[in-house]
Amino acid sequence: MRRDPIRAVLDTNVLLSALLFANGQLSWLRPCWQRGALIPVVAEPTVRELLRVLAYPKFKLKPADRERLLEDLLPWCTSWTGPIPTSSHRVRDPHDQVFLDLALAAATPVLVSGDADLLALEESVIPLLILSPADFQTWLAGSS
């Protein structure tokens, strides 16, 4: 049994999938953070990005719906309030840079993303693990 919960940065698409699709491939993440096995690490720019994406018309979410989704996430998060310096490791998509920078600044052991640009950096940012959601699930199961 794991002694301490794992702190991890989850990119916006991972969080969206976990929050929006109750029977989706990433629905296992929500109970994972709610039972304390995982502590998502967020910061002002990553929460701002999540809020922006939740407001996309394609999701058809009313403000009250967005609020309920945030209530299923934010109480279980830890907020990084320190500086987030830009890493020397560059992500091809500048919108994804903040997730790598946050994971490094907050010294989280894991960054979870399905984004190929972030996953491509997996070998170059050791000891940070950059894992796909499926690999993260396997890793969590093996380290419990």
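See above for the structure.
Residues numbered from 1 in each chain as written. Predicted model: local features only at pLDDT ≥ 70, side-chain atom pairs only at ≥ 80, totals over all residues. Heavy atoms only, no water.

(A) Representation of unusual backbone geometry within the structure. I126 connects to P127 through a cis peptide bond whose omega is 20°. You will see that K60, though not glycine, has its phi angle at about 55°, which is positive. Relative to the assigned elements, K60 resides in the loop between α3 (44-54) and α4 (63-71). (Helix = DSSP H or I, 4+ residues; strand = E, 2+ residues; numbered from the N terminus.)

(B) Broad picture of the pairing of strand β2 (residues 38-42). Among the five residues that make up β2, four are buried, leaving the element largely enclosed by the rest of the structure. Pairing of strand β1 (residues 6-10) with β2, which is carried by three bridges, proceeds in the parallel orientation. Bridging across to β2, I6 finds its partner in L38. Sheet topology places β2 next to strand β3 (residues 78-79); two bridges connect them, and they run parallel. Residue V42 lies in a different strand from β3, and its bridge partner there is S79. (Buried < 20%, exposed > 50% of the residue type's maximum accessible area, 1.4 Å probe, protein only. Pairing = 2+ DSSP bridges.)

(C) Main features of the packing of α3 against α4. It is at 11 Å that the axes of α3 and α4 come closest, and there the two elements cross at 140°. Between α3 and α4, the interaxial angle falls into the category oblique. Here α3 and α4 pass one another in a crossing that is right-handed. On the side of α3, the interface is formed by L50, L51 and L54, while α4 contributes R66, L69 and L70. The residue inventory of the contact of α3 with α4, partitioned by class, reads five nonpolar, no polar and one charged. (Axes fitted to C-alpha atoms, helices over the stretch in contact; angles between N-to-C directions. Parallel < 35°, antiparallel > 145°, perpendicular 65-115°, else oblique. Left-handed = near helix turned anticlockwise from the far one by under 90°. Contact = heavy atoms within 4.5 Å. Nonpolar A, V, L, I, M, F, W, Y, C, P; charged D, E, K, R; others polar.)

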